[in-house]
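# Architecture and fold: a report
Residues per chain, in single letters:
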Amino acid sequence: MNTTPPEVPAPDENHLIAERRQKLARLREQGPAFPNDFTPTHRAAALHALYDEQSKEQLAEHDHPATIAGRMMLKRVMGKASFATIQDSTGRIQIYLDKGTLGEELYDAFKHWDLGDILAVSGVIFKTNKGELSVHAHSVRMLTKSLRPLPDKFHGMTHTELRYRQRYVDLLMSEQTRQTFELRSKAIATMRTEMVKHAFLEVETPMLQAIPGGATAKPFETHHNALDMQMFLRIAPELYLKRLVVGGIERVFEINRNFRNEGVSPRHNPEFTMMEFYAAYTDYQWLMDFTETLLREVTVQTTGSSLVTYQGRDIDFGKPFARLTIVQAIEQYAPAYQGKPLDDSEYLRQALQELKVDLSQPALAAAGVGALQLALFEEVAEHQLWEPTYIIDYPIEVSPLARESDHHSGITERFELFIAGRELANGFSELNDPEDQAARFQAQVAAKDAGDEEAMYFDDDYIRALEYGMPPAGGCGIGIDRFVMLLTDSASIRDVILFPHMRPEDHGQ
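In this convention, every chain numbers its residues from 1, walking through the sequence in written order. Note on the predicted model: pLDDT of at least 70 is required for a residue's local features to be given, and 80 or more for side-chain atom pairs to be given and counted; whole-chain, interface and lining totals, by contrast, use all residues. Heavy atoms throughout the structure, all of them, feed into the side-chain values; hydrogens and water do not.

## Describing the packing of aromatic side chains
For Phe, Tyr and Trp, rings pair up if their centres lie within 6.5 Å, where Trp contributes its six-membered ring, and each pair is then called stacked (planes under 30 degrees apart), edge-to-face (over 60) or tilted (otherwise). The full count for this structure, using the stated rule, is 16 aromatic pairs. Between Phe 377 and Phe 418, the ring centres sit 5.5 Å apart and the planes meet at 70°, which makes this aromatic pair edge-to-face. On the criterion of sequence distance, the pair formed by Phe 377 in helix α14 (residues 369–380) and Phe 418 in strand β16 (residues 414–419) is long-range, its members being 41 residues apart. A simple rule labels every residue: compare its accessible area, found with a 1.4 Å probe on the protein chains alone, to the largest value its type can have, and call it buried under 20%, exposed over 50%, or partly exposed in between. Under the relative-accessibility criterion, Phe 377 is labelled buried at 0%. With relative accessibility at 1%, the residue Phe 418 sits in the buried group. By the ring-pair criterion, three or more aromatic residues cluster together here, those being Phe 317, Phe 321, Tyr 390, Phe 415 and Phe 483. Both a distance and an angle decide whether a charge sits over a ring: NZ of Lys or CZ of Arg must be within 6 Å of the ring centre and within 35 degrees of the ring normal. Above the plane of the ring of Trp 386 lies Arg 313, whose end atom (NZ or CZ) is 4.2 Å from the centre. In this structure, Arg 414 packs its charged tip against the face of Tyr 394, placed 4.3 Å from the ring centre. To qualify as a helix, a DSSP run of H or I must reach at least 4 residues; to qualify as a strand, a run of E must reach at least 2; elements of each kind are numbered from the N terminus.

The following block contains the structure:
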């Protein structure tokens, strides 16, 4: 990953910081420099909602007291009167301050306060001659002294890496960033509400696991000192959630973090959020219908429409999601392969070699037809799946936890949902045959021994759980971060994660 040096204050900025530290020192001499005895009774957005539609004359008929607090973002000093704009968690509102009301000493002190300082203001609501809703300050106090100057108000925080590294400043300066994370919160809350509405029970399963399972991925490893044992950050909650289905919780879900020791890219972060859910007495066809309805409902409730625009192109969650097999997707989106022997492993290997795919990698070295078809699909078709599309009926060799079809040997009842050229969800009818599952775990162990770091471990306790009997069930995992990327038109997964993982700053530079 490319990195840039941390932000180094310019000489004039260092001078400004020194000046602010001097101001803080004088504040300390006068009493508590960071008081904590003030509680606002109003918020900026609520004041705008209450009074924006009233005229200047209507507001003047009665006093409308307001007590607010926020960060000073703008300031205009004009002799005996001044204006400032403060920002709280809901928005901004203008403050009018004058020497006659505040007194000469307090007004003079205000003139030396800085942008970024957090103020407490009490006064009355009025409108200026230009019609801007404002608070005429009858009293004003500094609650927090800001020692670092904010970025330029016209350019904000334009360096992308600094935005991610100093998210606290990004949130202060960018309304769009704040809206992105407000929408993310709303989307997750809506999803949770919809799941509970459909009789799913929300649970929490271990993030620190003795055996990482539920997905093919390389885990993060750690050591538990008290137990003197190797442990792993989970790559998926799947096997624990299915233990709960065995235990009689027939509909269960979890929204939480997964960790995978893999690369960083615009669509990958080592720590990411997923929702996984399982429903007894359902199959992958039911799952596809339910997932489609769920994503459509969350989109509408969160954005107000089933139609979203992502990177300049529309995505319509209101239309039925397409369903294609891997071969059908290759033939539809890469017509050059129509009529080709896509069921022949030698042809597939040749086609992949022409695409510069490394066939010596552990996952492909001994791959059968199904895994080779999937590799070709990933090269030529996946990135073209813009509208919501289910790719269905995955080969058993790449689906170690999915139920094999009763009608097509070697094919599982599995789907992956692709939108805007990337995977958003993965689901299948669950494998509940303990002997079949044990055999597939053994095959994964063999693959791991052959060098595949992403292959699964053998989980004896999970096999024991299945031996008690798990009802037929379906399960699905939805990538929350990637879904929010679509809803907020965010190009990178880092734009929808508050604190994405990055290399440490080199403070020696």
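## Topic: the pairing of strand β8 (residues 221–224)
With four bridges connecting them, β8 and strand β9 (residues 229–233) associate as antiparallel partners. Within β9, the position partnered with His 224 by the bridge is Met 229. By this definition, two strands are paired if DSSP reports at least two bridges between them. The hairpin turn running from β8 into β9, its antiparallel successor, is four residues long, and Asp 228 in that turn takes a positive phi close to 50°.

## A closer look at helix α11 (residues 326–333)
By the burial criterion, the buried members of α11 are Ile 326, Ala 329 and Ile 330. Each buried residue of α11 lies within a common arc of 100° when the element is viewed along its axis, so the set occupies one face. Those residues of α11 that are buried are in contact with β14 (322–325), α14 and β15 (389–392). Arc definition: it is the arc formed by the directions from the helix axis to the C-beta atoms. Only heavy atoms matter for contacts: two residues are in contact if any of them lie within 4.5 Å across the pair.

## A look at the packing of α11 against α14
The contact between α11 and α14 brings their axes to 9 Å, and the two run at 35°. Helix-helix and strand crossings are classified by hand; for α11 and α14 the assignment is left-handed. Residues Ile 326, Val 327, Ala 329, Ile 330 and Tyr 333 of α11 touch α14, and the partners they reach there are Gln 373, Leu 374, Leu 376, Phe 377 and Val 380. Throughout this entry, Asp, Glu, Lys and Arg are counted as charged residues, while Ala, Val, Leu, Ile, Met, Phe, Trp, Tyr, Cys and Pro are counted as nonpolar. The remaining residues, Gly among them, count as polar. In the contact of α11 with α14, the residues fall into nine nonpolar, one polar and no charged. Note on geometry: axes are lines fitted to C-alpha atoms, helical ones only across the stretch in contact, with angles between N-to-C directions running from 0 to 180 degrees. Less than a right angle of anticlockwise turn of the near helix away from the far helix marks a crossing as left-handed, whereas a clockwise turn marks it as right-handed.

## Comments concerning the sheet that holds strand β5 (residues 133–144)
What the five strands build is a closed barrel, ordered β1-β2-β3-β5-β4; its pairing is mixed. Between one strand and the next, the sheet's axes are offset by a mean angle of 55°, whatever the strand orientation. Sheet analysis places strand β1 (residues 65–78) next to strand β2 (residues 81–88), joined by seven bridges and oriented antiparallel. Counterpart to Lys 75 in the pairing with β2 is Ala 84. Running at roughly 80° to strand β3 (residues 91–98), helix α2 (residues 44–51) makes contact with β1, β2, β3, β4 (118–127) and β5 of the sheet.

## Thoughts on the pattern of salt bridges
Take a side-chain nitrogen of Lys or Arg and a carboxyl oxygen of Asp or Glu: if they are within 4 Å of each other, that pair is a salt bridge. Inspection of every chain in the model, using the stated rule, returns 26 salt bridges. Linking Lys 145 and Asp 117 is a salt bridge whose minimum nitrogen-to-oxygen distance equals 3.0 Å. A residue pair is termed long-range when its members are at least 10 positions apart, and Lys 145 in the loop between β5 and α6 (160–165) and Asp 117 in the loop between α5 (104–111) and β4 qualify at 28 residues. Residue class for Lys 145 comes out buried when judged on its relative accessible area of 4%. On the basis of relative accessibility, which here comes to 0%, the residue Asp 117 falls in the buried class. Here the residues in one salt-bridge network are Arg 20, Lys 23, Asp 114, Asp 117 and Lys 145, joined through shared partners.

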